[in-house]
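Spelled out, the chains give:
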Amino acid sequence: MNHLILAPVILPALIAPLIVLAMRFDVTLQRVFSTAATAALVIISAVLLWQSSTGAVQVYELGNWPAPFGIVLVLDRLSALMVAITNLLALGVVLYVIGSNWDTRGWHFHALFQFQLMGINGAFLTGDAFNLFVFFEVLLIASYGLMIHAGGAVRLRAGVQYVVFNLAGSTLFLFALGTLYGMTGTLNMADLAVRIAELPEGDQALLRVGGMLLLIVFAVKAALVPIHFWLPNTYANAPAPVAALFAIMTKVGAYSILRMYTMVFPPDTAATGTLFGDWLMPAAVATTIVGMVGVLGAATLSRMIAFSVIGSVGTLLIAIALFTPQGTIAALYYMVHSTFAAAALFLVADLVQDRRGKWGGDLTAAPPIVGNGLIAALFFTAAIGMVGMPPLSGFLGKLLVLDAARDHGQMALIWTTIIVTSLIAIVGMARAGSVLFWKAHAVTAEGGGATLAAGGDEVPQNALALTATFGILSTMVLLSALALPITGFLEDTAAQLHDPQDYIRAVLHAVQDAPADALGDAGVDAPAEGRAD
Amino acid sequence: MEALVAISIGTLTASAIYLILRQRTFAVVLGMTLVSYAVNVFLFASGRLAVNLPPVLLEPAPYTDPLPQALVLTAIVIAFGMTAVVVMLALGAFLESGTDKIDMKDDDNAEAKR
Amino acid sequence: MSLALIAALPFLGALLPGLMIRAGRNACAMATGSVTALALIGLLLHAPAVVRGEVIQARFDWIPVLGLNANFFLDGLGLLFAGLILGIGLLIILYARFYLAKSDPMGQFYAYLLLFQGAMVGIVLSDNVLLLLIFWELTSLSSFLLIGYWKHLPEGRQGARMALAVTGMGGLAMIGGMLILGGIVGSYDLTVILQNKDAIQASPYYLPALILILLGCFTKSAQFPFHFWLPHAMAAPTPVSAYLHSATMVKAGLFLMARMWPVLSGTDAWFYIVATTGLITMVLGAVIALFKDDLKALLAFSTVSHLGFITMLLGFGTPVAAVVAVFHIINHATFKAALFMTAGIIDHEAHTRDIKRLGGLRHLMPVTFVIGSLAALSMAGIPPLNGFMSKEMMLEEAAHTGIAVGVFATLGALFSVAYSFRFIAHVFLGPKRDDYPAKPHDPGFGMWAAPALLVALVVLIGLMPNTMVGTLVATTSGAVIGGELPYYSLKLWHGVTPALFMSIAAVVGGFVLLKGHGGLQRAWNGAPRPEAKAIFDAFVDLCTRAARWVTDLAHDGAMTRYLGIFTVTAVVAGTAAFWGGTHGTGTRATLPMTPVAVVGTILIVVASIATAALHRNRFLSLVLISVNGLMISLGFVYLSAPDLALTQISVEVVTIMLLLLALNFLPKTTPRESSPSRRLRDMVVAGIGGLGVGGLIYAILTRDLGFTSISEFHLDQSKPGGGGTNVVNVILVDFRGYDTFGEIIVLGIAALVIYALTEALLSGPAGRRLRGWTPDFPRAGDRHPLMLVVATRVMMPMAVMVGVYIFLRGHNEPGGGFIAGLVVAIALLMQYMASGFAWAQARQKVQYHTMIAWGVLAAALTGIGAWFNSRPFLTSDFGYFRIPPMQEFELATAMLFDVGVFLTVVGAVMLALASLSRIARRAGEEAATEPMDIDPSAAADGGSMPQAVPANRTEEVR
């Protein structure tokens with residue numbers, strides 16, 4: 001029993017209450033513990049990643065109850081990867097937050113932050129469908145708190161919208177789970193996979209409904225058109241570092257789709273077939289378009305970034321909707337990339353808005369800001385990462401997606417969409433950048449006064465904030481520099497996903513060991529042979 | 001019996017959706033509460049219905065399916081937490097902005113003020 | 001030196017200038033120069049081998065899954081271009097050192113320049129088309145930076161963005177083309193692709209691939225109709241114009257066409273597209289160039305024209321034409337770079353580039369005059385300079401291709417003669433003027449050294465072509481053609497050929513044209529022409545506004561619409577999924593409809609519809625909704641779910657209390673806002689949604705489960721494995737304790753969020769709003785009525801007892817930590833309601849934060865406890881104990897876990913309430929310090945009782 005698998009969940013779950021209990025009046029203590037915990041999480045997830053790279057699927061049976069009767073955590077390459085991304089991103093964000101003093105602008109930031117991590121990590125690790133719901137709720141309610149951190153009328157109203165929309169999503173989640181349980185009598189993902197493969201024919205229609213509702217739930221999280229509407233206002237109005245952390249939230253949805261629809265509803269399932277891919281692909285294409293057009297049309301920096309997030313999610317889901325190993329490799333690579341690209345952009349946006357005073361994030365000319373050159377360089381880097389220009393990972397990601405889509409029926413549509421939207425995004429970002437950083441000099445040239453002062457006193461903390469931003473940016477460089485080992489790992493990950501037998505066997509092995517009298521007939525010993533043959 | 005449960009869930013959901021589509025936060029909150037009732041019963045019913053067979057092992061078998069009940073318990077608690085948050089949030093938004101409209105047409109593009 | 005290293009050097013070197021600038025401008029230039037020089041030496045070391053016909057390679061795996069690998073190869077073509085890039089780069093670096101002003105950030109400039117250089121070298125050395133694409137886009141980026149180098153100039157900003165948009169577009173199109181090509185061949189390696197001419201030209205995807213790739217080439221090489229970005233790129237500092245926009249980057253398109261020549265050329269499509277584009281570009285560029293008064297604009301358009309010249313030759317598709325193209329690439333690089341530098345010198349010394357304000361400079365700037373004139377004559381194609389030879393051979397090829405082509409080619413040549421002469425005549429010749437913006441004079445050696453060197457080449461190549469570039473042309477052409485070299489000879493005198501007459505015509509005509517220039521210029525300025533930049537800007541602006549319009553229209557914050565769309569999506573997708581599958585009607589025996597159940601259902605239906613219908617009266621709707629809750633909990637009792645019933649009812653109570661307290665500060669009624677049609681629409685949506693859900697559950701309820709539910713196991717194991725007879729509770733705290741763990745954390749977080757929110761509110765404008773709060777509805781005069789107070793006091797201990805009882809029995813009978821927590825919480829709530837928050841708060845010792853934290857910790861630590869038993873998290877343990885004289889009783893670790901649940905629930909509920917009441921107090925409710933408004937203890941001294949009683953009666957009267 002490898003207790004380390006539980007660590008990404010239990011560690012923040014212990015730190016957060018400790019912060020509330022002992023240090024809720026001392027921000028320095030909070031910072032120390034929060035950072036230390038996040039750093040520890042990074043190390044832990046690195047170890048887990050290393051363990052997963054052997055290809056063995058590790059199962060942690062909570063309460064020592066065998067699957068499918070108890071809840072299990074499952075560590076395979078994919079979950080290890082997602083946990084690693086999450087905590088790495090979190091470390092950058094928490095450092096930035098400390099550097100920019102965001103955590104002093106409201107209550108309980110670090111506690112909520114840790115709970116947030118617990119929720120996300122838990123969602124990635126669980127092997128149980130209902131438990132996935134529970135952890136969705138954990139990460140959502142924590143995100144509500146972070147989103148409205150520091151308050152403000154607009155932010156609160158945007159917060160209401162965010163919460164309401166996600167409540168609707170969670171409700172649908174329960175409807176879907178009810179349907180699935182009502183059809184299969186199980187909640188464990190692996191067991192679901194086994195039973196759905198053997199579903200009585202007359203039940204297929206209802207099962208398809210369940211699967212479709214579930215897909216919509218995940219699509220809401222991933223911000224897929226036409227149910228993406230919660231995203232722009234939320235991301236544009238959330239505190240920028242929180243928005244940066246939220247870059248992983250859309251990926252939770254993407255992850256769930258990847259997990260569920262490669263293992264539980266793979267395209268070769270009799271009941272569902274290619275149903276989900278057929279619905280996902282057009283929506284993903286539309287998402288890419290809506291997002292990138294929004295980048296061009298946005299009037300403020302944060303809103304522009306928010307739409308670029310939608311656009312990247314679209315590209316990501318195009319790759320996922322292929323449901324081929326090649327597509328999955330592309331999807332995973334692009335998922336890692338777009339997470340950090342979006343986060344980096346939001347952090348840079350915060351640096352800009354912090355310094356621009358009354359101009360905030362409006363894309364109109366204002367006098368140049370302190371450290372214009374440096375921040376301009378950061379923005380330029382983040383932007384080319386997001387729009388997918390070389391040498392950063394975005395370009396490689398898009399190449400992978402394009403190459404993977406080669407054999408798809410809609411190949412022409414997919415290629416045109418990705419290529420044209422990239423151009424739109426390039427134009428949009430270039431416009432924003434030149435207004436923010438170049439035109440500024442014209443403003444001074446026209447006697448617009450000197451650069452905006454940005455309180456010299458906060459320069460030391462800003463150093464930390466800048467470092468954090470720089471760190472997140474550098475991940476994109478590493479992603480393309482180390483593409484050889486990374487794509488190698490992703491290749492194995494995709495292989496593992498598209499042949500879920502190892503996963504299923506690892507989870508359900510317990511059935512044989514379980515007390516015989518505990519076993520009913522058909523359903524329960526079905527897993528024994530499972531789809532192993 | 002099954003028909004009755006289905007009808008109840010249906011009407012609860014319908015009224016809830018109608019409320020959720022209203023333009024004031026309070027109505028939406030009501031809708032959310034109502035729909036959480038609906039979904040709880042739905043989830044509960046996914047274990048099929050049974051009368052006088054509580055899953056308490058003091059009486060002899062058979063028993064109704066206990067698992068959905070446990071799930072619903074969890075769901076109820078979570079729904080309660082969510083409702084509490086959304087109520088307070090709606091209240092806060094109203095106190096801060098002076099309106100309890102849920103649409104944000106007026107200040108859509110406004111940046112968050114720190 | 002490895003090819004990879006040659007390509008990498010400039011990138012690595014790009015870090016140097018930024019540092020070295022600290023050591024001064026010379027050190028900075030030296031550092032940059034030495035990087036380039038090093039790369040150039042590394043390259044030249046390979047030259048002999050390449051001339052021998054070898055192909056040098058360097059291969060590294062990068063992304064094998066994609067077929068994108070860092071493979072480089074060097075053949076004649078690569079050698080020529082790499083040589084041009086690094087060689088001219090060296091001269092530019094030298095020139096720029098003296099050109100840039102002290103105020104310009106030189107470190108930045110050289111850094112960008114090296115980035116560009118690296119990208120450019122990368123393009124010409126790549127043996128992998130995807131790798132080539134990467135470098136290709138990098139050149140677009142670095143040129144974006146270099147054009148926008150003078151940030152304060154609007155032309156710079158706009159020119160940069162235009163260049164990026166146009167060349168970026170081409171690059172993206174090329175991605176598509178290259179991917180198709182790779183798909184046809186099955187490899188992205190150029191060396192492989194170049195072997196598969198037949199496969200490629202036979203493929204149905206040949207044409208799309210060709211068009212997409214040519215889009216890239218044409219945009220990069222400023223071919224009509226994409227030529228317009230190049231002149232605007234001239235806003236860049238002159239060294240940049242000379243380097244990127246005449247010598248190297250704009251030749252990348254030509255390079256690629258030459259590179260792909262063996263596999264793409266030779267088809268009709270290739271001929272008509274490429275040759276025609278080239279021809280048009282050549283003539284058009286030449287014509288416009290003649291009428292430009294800005295020296296750099298003139299040179300820019302002449303560059304466009306000469307690029308067209310070369311494109312056309314490649315388009316002809318004949319080996320000889322290819323050779324000529326190669327030859328002219330060399331020649332153009334030499335004289336055009338020299339001309340740009342000359343222009344730069346003039347700008348630098350005379351402080352203007354406007355031809356109208358120049359003239360007679362030969363007296364003031366003799367050196368510049370010689371350099372400039374020689375270069376210009378070569379551009380005009382006057383013997384014995386190198387420009388003449390390539391032009392002759394070009395005209396020869398054009399003549400062979402067809403009369404029309406020949407005529408147009410001559411026309412182009414004619415105009416290029418005209419603008420070249422104009423460059424000389426109107427800048428250097430003529431009388432000396434006295435109105436130059438500055439006092440012009442020859443610059444220092446450092447500045448004219450570079451162009452002088454180039455002009456020397458111009459002359460030497462012209463006089464002894466074979467010795468100078470014979471082998472280079474041969475090797476390169478061999479690489480381009482990829483086969484036997486055709487017969488050709490580089491010499492001045494080809495005898496009396498049609499080409500001779502054509503060029504004579506061109507020279508004479510050009511001379512005449514220049515004579516009549518004044519009139520023509522007026523005519524030209526008068527004539528209406530499409531202004532490419534204006535069109536482009538208008539287009540981009542239109543797109544931007546369209547994008548903003550449509551985006552803001554769709555995302556206008558109309559939450560109601562968003563949710564509507566969400567509902568419809570769910571219903572539509574769900575229905576569609578249903579119809580797609582086979583559905584057998586259920587066969588499960590249904591339970592009988594009892595009258596009780598019917599009545600209950602009717603109540604629920606009525607109450608829920610009423611809630612929706614009467615929701616505008618908010619108090620009433622709360623009452624109605626609680627009827628629903630009540631009925632549902634009764635339903636749970638009826639359907640054998642006692643735990644659910646208990647939970648439902650207690651949650652119901654707390655929720656309603658919360659809503660009531662919140663409503664205190666919200667409007668009490670909802671205005672009727674939505675139009676009847678809108679309401680109808682919503683009703684339809686709601687109705688469909690309800691039908692869908694109802695239908696779904698009915699279908700599930702009326703069929704048997706196809707499998708054995710996993711809950712069979714729970715029923716079997718509950719007692720032996722979990723030590724409890726209440727299976728639901730055992731599932732909650734044991735089988736699925738992890739869910740419950742998450743669930744209480746949700747509660748805890750909820751409380752924290754509410755607390756943090758309240759803090760933010762009280763410190764924000766809301767706080768001020770609250771201070772000025774006036775209750776908008778009448779309040780009971782007696783806010784803490786005696787009866788209620790007494791009742792709650794009596795209830796309190798009972799409630800706690802009940803709570804404890806429910807908690808303890810939970811494991812075996814309906815109950816458990818959560819319900820117990822709620823019961824106790826409700827009891828406390830009653831206290832608060834009765835006696836006001838402040839009073840109760842004063843008597844409440846535990847901090848709610850602490851309670852929640854301990855709750856979560858208790859649950860977590862209980863779970864971790866199992867580790868010491870070397871069991872996984874949350875593994876429960878239980879045993880039976882006996883403390884005489886009491887009877888045996890059971891203790892389970894699950895109960896400890898349940899304690900955590902209990903604490904969290906109480907803490908969370910109370911913290912939420914505490915936050916609400918803090919708002920209330922801010923809103924001016926005076927905090928009561930006494931348990932009730934009238935003091936019964938006063939009854940002790942007689943007489944006061946009578947006052948107390950009426951106080952109560954008044955209470956009853958109300």
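The coordinates are above.
It should be emphasised that the depicted structure is a prediction, and the values quoted were computed from it without experimental measurement. (Residues numbered from 1 in each chain as written. Chains lettered and ligands numbered in written order. Predicted model: local features only at pLDDT ≥ 70, side-chain atom pairs only at ≥ 80, totals over all residues. Heavy atoms only, no water.)

1. Some details on the overall build of chain C
Of the regular secondary structure elements, chain C holds 40 helices and four strands. Expected size for 958 residues packed as a compact globule is a radius of gyration near 30 Å; at 44 Å, chain C overshoots this value by more than 25%. Each principal axis of the C-alpha distribution contributes one length, and for chain C these read about 135 × 65 × 60 Å. Here chain C holds 958 residues, and the buried ones make up 60% of them. Taking contacts inside chain C between residues at least 6 apart in sequence as the whole, the part at least 24 apart equals 79%. Accessible area for chain C stands at about 34,900 Å²; split by element, carbon and sulfur atoms hold 70% of it. (Helix = DSSP H or I, 4+ residues; strand = E, 2+ residues; numbered from the N terminus. Rg over C-alpha atoms; globule rule 2.2 N^0.38 Å. Buried < 20%, exposed > 50% of the residue type's maximum accessible area, 1.4 Å probe, protein only. Contact = heavy atoms within 4.5 Å. Areas by Shrake-Rupley, 256 points an atom, 1.4 Å probe, with all protein chains shown as cover.)

2. A short note on the packing of helix H8 (residues 204-222) of chain A against helix H11 (residues 275-297) of chain A
Residue and element names in this part refer to chain A. Where H8 meets H11, the closest approach of the two axes is 11 Å, and the angle between their N-to-C directions is 30°. Comparing the axis directions of H8 and H11 gives the class roughly parallel. In terms of crossing hand, the pair formed by H8 and H11 is right-handed. For the pair formed by H8 and H11, the contact residues are Arg208, Gly211, Met212 and Leu215 on the first element and Leu275, Phe276, Trp279 and Leu280 on the second. Broken down by class, the residue content of the contact of H8 with H11 amounts to six nonpolar, one polar and one charged. (Axes fitted to C-alpha atoms, helices over the stretch in contact; angles between N-to-C directions. Parallel < 35°, antiparallel > 145°, perpendicular 65-115°, else oblique. Left-handed = near helix turned anticlockwise from the far one by under 90°. Nonpolar A, V, L, I, M, F, W, Y, C, P; charged D, E, K, R; others polar.)

3. Comments concerning the interface of chain C and chain A
Many authors give the size of an interface as the accessible area that is lost as the parts come together. Contacts between chain C and chain A engage 115 residues on the former and 133 residues on the latter. In total, chain C and chain A occlude about 10,800 Å² of area from one another, counting both sides; carbon and sulfur atoms represent 77% of this. When the buried surface of chain C facing chain A is broken down by residue, C:Phe566, C:Phe707 and C:Tyr738 rank first, second and third, together holding 8% of it. Connecting chain C to chain A are three salt bridges. (Buried area = accessible area lost by both parts, 1.4 Å probe. Salt bridge = Lys/Arg side-chain N within 4 Å of Asp/Glu carboxyl O.)

4. A few points about the side chain of A:Arg31
Residues and elements named next belong to chain A. Within the secondary structure layout, Arg31 lies in helix H2 (residues 27-52). Given a relative accessible area of 17%, Arg31 falls into the buried group. When near neighbours in sequence (up to four residues on either side) are disregarded, Arg31 contacts Ile98, Asn101, Asp103, Thr104 and His110.

5. Examining the pattern of salt bridges
Residues and elements named next belong to chain C. The full count for this structure, using the stated rule, is 30 salt bridges over all chains. In this structure, the salt-bridge partner of Asp75 is Arg259, at a minimum N-O distance of 2.3 Å. One end of the pair, Asp75, is in the loop between strand S2 (68-74) and helix H4 (76-99); the other, Arg259, is in helix H13 (residues 249-264), and 184 residues separate them in sequence. In this structure, Asp75 and Arg259 share a single accessibility class: buried. Notably, a salt bridge pairs Asp347 with Arg353, separated by 3.4 Å at the nearest N-O pair.

6. So, the interface of chain A and chain B
Taken together, the contact pairs 44 residues of chain A with 42 residues of chain B. Across the chain A to chain B interface the summed buried area is about 3,800 Å²; carbon plus sulfur atoms make up 70%. A per-residue breakdown of the area chain A buries against chain B is headed by A:Arg157, A:Phe175 and A:Tyr181, which together make up 20% of the total. Between the two partners, chain A and chain B, sit five residue pairs in polar contact (both at pLDDT 80 or more). Elements with a contribution of two residues or more to the side of chain A that touches chain B: helix H5 (129-147), helix H6 (153-184), helix H9 (230-237), helix H12 (301-321) and helix H13 (325-356) of chain A. In terms of residues, the side of chain A that touches chain B owes the most to one element, H6(A), which gives 21 residues. Tallied by class, residues from the side of chain A that touches chain B come to 23 nonpolar, 13 polar and eight charged. (Polar contact = N/O pair within 3.5 Å; in protein donor to acceptor, adjacent residues only side chain to side chain.)

7. Describing a nonpolar patch on the surface
All names here are of chain C. A contiguous nonpolar surface patch, about 650 Å² in accessible area, is contributed by Trp493, Val496, Phe501, Ile504, Val508 and Val512. Looking at the element boundaries, Phe501 is found in helix H23 (residues 498-515). Residue classification places Phe501 among the exposed positions, given a relative accessible area of 52%. (Patch = residues over 30% accessible without salt bridge, like charges linked within 9 Å, V, L, I, M, F, W, Y side chains within 5 Å.)

8. Considering the packing of H4(C) against helix H16 (residues 319-350) of chain C
Residues and elements named next belong to chain C. Two elements in contact, H4 and H16, have axes separated by 12 Å at closest approach and are oriented at 5°. As the angle between them shows, H4 and H16 are arranged roughly parallel. Residues Leu80, Phe81, Leu84, Ile88, Leu91, Ile92, Tyr95, Phe98 and Tyr99 of H4 touch H16, and the partners they reach there are Val326, Ile329, Ile330, Ala333, Phe340, Met341, Gly344, Ile345, Asp347 and His348. The residue makeup of the contact of H4 with H16, split by class, is 16 nonpolar, two polar and one charged.

9. Here's the deal with the environment of C:Gly692
All names here are of chain C. Along the chain, Gly692 falls in helix H30 (residues 676-701). For Gly692, a relative accessible area of 38% gives the class partly exposed. Residues Gly692 and Phe291 lie 401 residues apart in sequence; the distance between their C-alpha atoms is 73 Å.

10. So, unusual backbone geometry
The step from A:Pro390 to A:Pro391 runs through a cis peptide bond, and the omega angle for that step is 5°. With respect to the helices and strands, the residue A:Pro391 is situated in the loop between helix H14 (372-387) and helix H15 (393-404). Here the bond from C:Phe224 into C:Pro225 is cis, since omega is 5°, no more than 30 degrees from zero. Note on placement: C:Pro225 falls in the loop between helix H10 (206-220) and helix H11 (229-232). Within the chain, A:His108 stands out as a residue other than glycine whose phi angle is a positive 65°. Classification of A:His108 by relative accessible area gives buried; the value is 6%. Residues other than glycine seldom take positive phi values, yet C:Ala222 does so here, at roughly 55°. As for its position among the elements, C:Ala222 is in the loop between H10 and H11. With relative accessibility at 0%, the residue C:Ala222 sits in the buried group.

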